[in-house]
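# Summary of the model geometry
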Amino acid sequence: MSLLNVENLRVTFPTRQGPAEVVRGVSFTLGRERLGIVGESGSGKSQTGRAILGLTPHPGTATADRLEFDGIDLRGLSARQWRGLRGKRMSMVMQDPKFSLNPVMAVGKQLMEVLRTHGASRAEARRAALEMLEAVQIRDPERVFRAYPHELSGGMGQRAMIAMMLVSAPDLLIADEPTSALDVTIQIEVLRILDRLVQERGMGLIFISHDLRLVSSFCDRVLVMYAGRVVEELRASDLSQARHPYTQGLLNCLPQIDGDRRPLPTLDRDASWAE
Amino acid sequence: MLDVKDLEVTFTRGVEQVHAVRGVTFRVEKGESYGIVGESGSGKSTVLRAICGLAPTSGGEIAFEGSPLPTPRDAAFYRRVQMVFQDPYASLHPRHTVDSVLSEPLAIQGFDDRENRIERALEEVGLGQGFRFRYPHQLSGGQRQRVAVARALILEPEILLLDEPTSALDASIQAEVLNLLDRLRVERGLTYILVSHDLAVVSHMCERLLVMQHGQAVEELARDALRARAARTDYTRRLLQASVGYSREDAA
Amino acid sequence: MTTRAWLLSEQPASRRQARLGQAYRTWLAFRANWLAMVGLAIVVALVVVAALADVLAPYNPILGQDLNTTRLLPPLSPGHLLGTDDLARDILSRLIHGTRLTLMVVVLVALIATPIGLLVGTTAGYFGGWIDTVLMRLTDIVLAFPRLILALAFVAALGPGIENAVIAIAITSWPPYARLARAETLTVRNSDFIAATRLQGASSARIIWKHIVPLCMSSVIIRVTLDMAGIILTAAGLGFLGLGAQPPQPEWGAMIAGGRRFLIDQWWVATMPGIAIFIVSLGFNLLGDGLRDVLDPKGRK
């Protein structure tokens, strides 16, 4: 059974020139799998992720014909109902951990706070927090537990952030460029953590990224977005058989270590793609 | 053409001393494109900044055509060595039009024939005259980076230092900017030093590359050796592997 | 092509068009804020009234009428809309002429304090090190003096008079601008566009003047506009204490001081200039808030 059902999702922002639709009718379903959403800046991929969690920034509005998470209609939930879902059953990892962790609170305390709001005792919370830090491959969980976010390196911070999002064992994790600020070698480690969580816990993962190659090597299924629409959906393994010229263009324009194509093929954007 | 020998850069932050570059040596020949690859904190960008005098050198020597560079760098140096920065959103003054961005270096260095030079520079980077009086907020990321390239080239330098010139851009725009840099190099016989975290970009652009980690040079490779995966150190091999993407086998 | 389309063109064809277009866009954003427009209207009205004071004022502001019949007339008396004071002078005429003094204070303080603040702040922020330490400690010292008390000391030393009051206010009001300019400078001095300018061989003076000052300018202008209310009040306070404008000059603060003696029975003598000070101060505050919404990129969404 599918975990998430999205039908005809639209996100609109008012501008001086009238309303601008940044997500224009996106539909997909998600099981307990890794789904990648790929697109360039302005494609609406991040707004899609945010809209699912009801986090469309003011003054934007999100509408959908259907937006269901595990049988719960997400449209028009009250702030109170959202609190019961966000952080507990669905979570989000952002690009930069520095903006998502509280800078004046030790990491461990923040983790414990999440657990405590979900009804754990102090000792339980502390134990679970340390376990979680260990689970995201932090070698010295006691030190990180006491550390403040600015004392952590980028990779550590991102792992602490992921621990934070996973501490309540969500069913759905939306990861928006979770590794873009990280170095390639750390990137792979973070992906490994996410991968394990999907396989061991049966979590559903939406992985939003601009990096087509990374997404296709990591996810089961890929949605390619362009100008607020999904232009192509395909199995990650079938990427080389992509049919849409935009997907093909995105793949081709990347320089390769082995290739020596000069000049690199560039993308000629066709107006019809946006229709 | 450019000799960097045992370069050391130390920053002082309060009482703390950060040793950003620890003894890096390399040599760039005229007309060559030289890459420096590393992860954040490897000191790769600091090497570039040290070359152009934006970071203080605490040891070693940088020589340009055989003679050591004066500190602070003189105006003549900046006429021959220019830099393109990583973030096109941060490298253009938000209140200056493209026109004033391009005319300022000409005014500082006392060039004549400014009108024609500005027009030519815009054509060369593939921006028409229609862009001349725009403000940065009226330009896309790729267009901004083209302006930054035009600004660096308008003084007709011989060496261009490129600090992650495409890492803030979308993939399709990256291809356009890389092609532009490629073409300009051939047309003008420029020498490039390109810093990037992306092995594929460096392999595409550079004949030789230096891998850096923790402020030190790990190894120097020719492009062919990179393509043959003939890395001599574990670190380079790890970088090579990571650049392929994620693989399930890693997880096991 | 209409003027509007020409101004809003995404592809300006000349420096002038680009600059005017930018100004026009700012104006469009400003115009959308009606409170700011009210503030602007008040400030414009102040300027117009000051310029046309001789034409607008029905009576001479300094020479009184007949002391037997027109002394301390209440508002709405025939011929004296806002009444007369104890020397039988028309209050409306005095208020109208007082705008000139108020405007003079405002303009002179802005012209003296803003450049000092900008120069000290940007220099300190750009160079850092001991230059920063010296300049900012100097700023702290000036900032530590209570403004009115220091102004009193100046006036005491230089002699009472509106010009000396202005100098005294200006000298005590630049430190906040210096701090603001320094803070803004610190956020931009390590940015890539400053580094790029340095790599073209630009001198420090050029970088400060052409690159840093324009960026600090808008926040300083906003701050100065918002401070204008306080400056007008300080000037009025000095006038009230008898250390600013001297009788018989129609300075609003001095007028309140003059009316204080009749406050219980002839309330309008002190109240009318009070209302004038209030309206003008409010105008500058509304204008400043509007400018902040338009000019300050941090507040914009």
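Values in this document were obtained by computation on a predicted structure and should not be read as measured data.

Once that is clear, we can look at the overall build of chain B. Helices and strands together make up the secondary structure of chain B, namely 10 helices and 10 strands. Projected onto its principal axes, the C-alpha coordinates of chain B cover approximately 60 × 45 × 40 Å. Sequence-distant contacts, at least 24 apart, represent 68% of the contacts inside chain B between residues at least 6 apart.

Our focus in this paragraph is the overall build of chain C. A tally of helices and strands in chain C yields 13 helices and zero strands. Mapped in sequence order, the helices and strands of chain C form the string α-α-α-α-α-α-α-α-α-α-α-α-α. When the backbone C-alpha atoms are referred to their principal axes, chain C occupies close to 80 × 55 × 30 Å. Every one of the 301 residues in chain C was classed for burial, and the buried ones make up 42%.

Moving on to the interface of chain A and chain B. Accessible area lost upon the coming together of the parts serves often as the stated size of an interface. Taken together, the contact pairs 30 residues of chain A with 27 residues of chain B. In terms of residues, the side of chain A that touches chain B owes the most to one element, helix H8 (residues 184-201) of chain A, which gives eight residues. By residue class, the composition of the side of chain A that touches chain B is 13 nonpolar, nine polar and eight charged.

In this section: the interface of chain C and chain B. Counting residues at the interface gives 21 residues for chain C, matched by 26 residues for chain B. Here the residues of the side of chain C that touches chain B are counted per class, giving 10 nonpolar, eight polar and three charged.

On to the sheet that holds strand E6 (residues 81-84) of chain B, then. Think of a sheet as strands paired side by side through backbone hydrogen bonds, with each pair either parallel or antiparallel. Residues and elements named next belong to chain B. The strand order E6-E7-E8-E3-E9-E10 describes an open sheet built from six strands, whose pairing is mixed. The sheet terminates laterally at E6 and strand E10 (216-222), the two strands that pair on one side only. Strand-to-strand, the axes of this sheet are offset by a mean angle of 20°, without reference to chain direction. Sheet analysis places strand E3 (residues 33-38) next to strand E8 (residues 191-196), joined by five bridges and oriented parallel. Bridging from a neighbouring strand, Tyr 34 pairs with Ile 193 of E8. Of the strands in this sheet, strand E9 (208-213) and E10 are in contact with helix H9 (residues 234-244), which crosses E9 at around 105°.

Right, let's talk about helix H11 (residues 204-240) of chain C for a bit. Residue and element names in this part refer to chain C. For H11, built from 37 residues, the straight-helix expectation of 54 Å at 1.5 Å per residue is missed by more than 12%, its first-to-last C-alpha distance being only 45 Å. A maximum bend of about 50° is found in H11 at Val 213, where proline Pro 214 lies one to four positions downstream. Gly 242 lies just past H11 and shows a positive phi near 85°.

Attention shifts here to the packing of helix H4 (residues 107-117) of chain A against helix H7 (residues 154-166) of chain A. Residue and element names in this part refer to chain A. Where H4 contacts H7, the two axes come as close as 9 Å, and the packing angle between them is 15°. As the angle between them shows, H4 and H7 are arranged roughly parallel. Helix-helix and strand crossings are classified by hand; for H4 and H7 the assignment is right-handed. Every residue of H7 that contacts H4 at Val 107, Gln 110, Leu 111 and Val 114 is listed here: Ala 160, Ala 163 and Met 164.

We now examine the UniProt feature "transmembrane region" (unreviewed entry) in chain C. Residues and elements named next belong to chain C. Sites flagged by UniProt as "transmembrane region" (unreviewed entry) map to residues 34-57, 101-128, 148-172, 220-246 and 266-288. End C-alpha atoms of residues 101-128 are separated by 40 Å, and the span's content is 96% helix alongside 0% strand. A helix fraction of 88% and a strand fraction of 0% characterise residues 148-172, whose end C-alpha atoms lie 9 Å from each other.

Counting residues in each nonpolar core, the largest one holds 162 residues, and the members touching the most others are Leu 111 and Ala 163 of chain A together with Leu 161 of chain B. The element that contributes the greatest number of residues to this core is H7 of chain A, accounting for eight residues. Here Leu 161 of chain B is in contact with Leu 48, Ile 51, Cys 52, Val 81, Met 83 and Ile 193 of chain B, once residues within four sequence places are set aside. Membership of the second largest hydrophobic core comes to 63 residues, among which are Leu 95, Leu 118, Ala 235 and Val 280 of chain C.

Let us look at helix H3 (residues 34-51) of chain C. Residue and element names in this part refer to chain C. With 18 residues, H3 should cover 26 Å at 1.5 Å per step; its first-to-last C-alpha distance of 25 Å lies within 8% of that length. Restricting attention to buried positions, one finds in H3 the residues Ala 36, Gly 39, Leu 46 and Val 49. Buried residues in H3, looked at end-on, bunch into an arc of 160°, giving them a common side. For H3, the exposed residues lying more than 90 degrees away from the buried face are Trp 34, Val 44 and Val 48.

By contact count, the dominant pairing among the two pairs of chains in contact is that of chains A and B. A gap remains between chain A and chain C, with no contact made and the closest C-alpha atoms lying 10 Å from each other.

Moving on, we come to the sheet that holds strand E3 (residues 34-38) of chain A. All names here are of chain A. Read across the open sheet, the six strands follow the order E7-E8-E9-E3-E10-E11; overall the sheet is mixed. At either margin of the open sheet sits one strand with a lone partner, and together these are strand E7 (90-93) and strand E11 (229-235). Sheet twist, expressed as the mean angle between neighbouring strand axes with direction ignored, is 15°. With four bridges connecting them, E3 and strand E10 (residues 221-226) associate as parallel partners. By the bridge assignment for E10, Gly 36 is matched with Val 222.

Following the UniProt record, one finds the feature "domain: ABC transmembrane type-1" (unreviewed entry) at residues 99-288 of chain C. Structurally, residues 99-288 of chain C is divided into 82% helix and 0% strand, and its ends, taken at the C-alpha atoms, are 19 Å apart.

When the UniProt feature table is mapped to this numbering, "domain: ABC transporter" (unreviewed entry) covers residues 4-239 of chain B. End C-alpha atoms of residues 4-239 of chain B are separated by 24 Å, and the span's content is 36% helix alongside 28% strand.

Structurally, Gly 108 of chain A can be placed in helix H4. If sequence neighbours within four positions are ignored, Gly 108 of chain A has contacts with Ala 129, Phe 145 and Arg 146 of chain A.

Let us now look at unusual backbone geometry. The amide bond that connects His 58 of chain A to the next residue, Pro 59 of chain A, takes the cis arrangement and shows omega of 5°. For the bond from Thr 71 of chain B to Pro 72 of chain B, the omega torsion is -5°, close enough to zero to count as cis. Positionally, Pro 72 of chain B belongs in the loop between strand E5 (67-68) and helix H2 (75-80). The phi dihedral of Ala 227 of chain A is positive, around 50°, even though this residue is not glycine.

Next up on the list: the environment of Arg 237 of chain B. Residues and elements named next belong to chain B. Looking at the secondary structure, you find Arg 237 in helix H9. For Arg 237, a count of 13 C-beta atoms within 10 Å translates into the label partly exposed. Remark: the alpha-carbon pair of Arg 237 and Leu 226, spanning 11 residues in sequence, is separated by 9.6 Å.

We now examine the pairing of E3 of chain B. Residue and element names in this part refer to chain B. Most of E3 sits inside the fold, with six of its six residues counted as buried. Bridge analysis of E3 against E9 gives five bridges, and the strand direction is parallel. Each residue of the ladder has a partner; that of Val 37, found in E9, is Val 211.

Reading the values: the criteria
Residues numbered from 1 in each chain as written. Chains lettered and ligands numbered in written order. Predicted model: local features only at pLDDT ≥ 70, side-chain atom pairs only at ≥ 80, totals over all residues. Helix = DSSP H or I, 4+ residues; strand = E, 2+ residues; numbered from the N terminus. Contact = placed C-beta atoms within 7 Å. Buried ≥ 20, exposed ≤ 12 C-beta atoms within 10 Å, placed from the backbone. Nonpolar A, V, L, I, M, F, W, Y, C, P; charged D, E, K, R; others polar. Pairing = 2+ DSSP bridges. Axes fitted to C-alpha atoms, helices over the stretch in contact; angles between N-to-C directions. Expected span 1.5 Å × (residues − 1). Bend = angle between axes of the 7 residues up to and from the residue. Parallel < 35°, antiparallel > 145°, perpendicular 65-115°, else oblique. Left-handed = near helix turned anticlockwise from the far one by under 90°. UniProt positions renumbered as here; feature names shortened; annotations may be inferred. Core = buried A, V, L, I, M, F, W, Y, C linked by C-beta atoms within 7 Å. Arc of directions from axis to C-beta.

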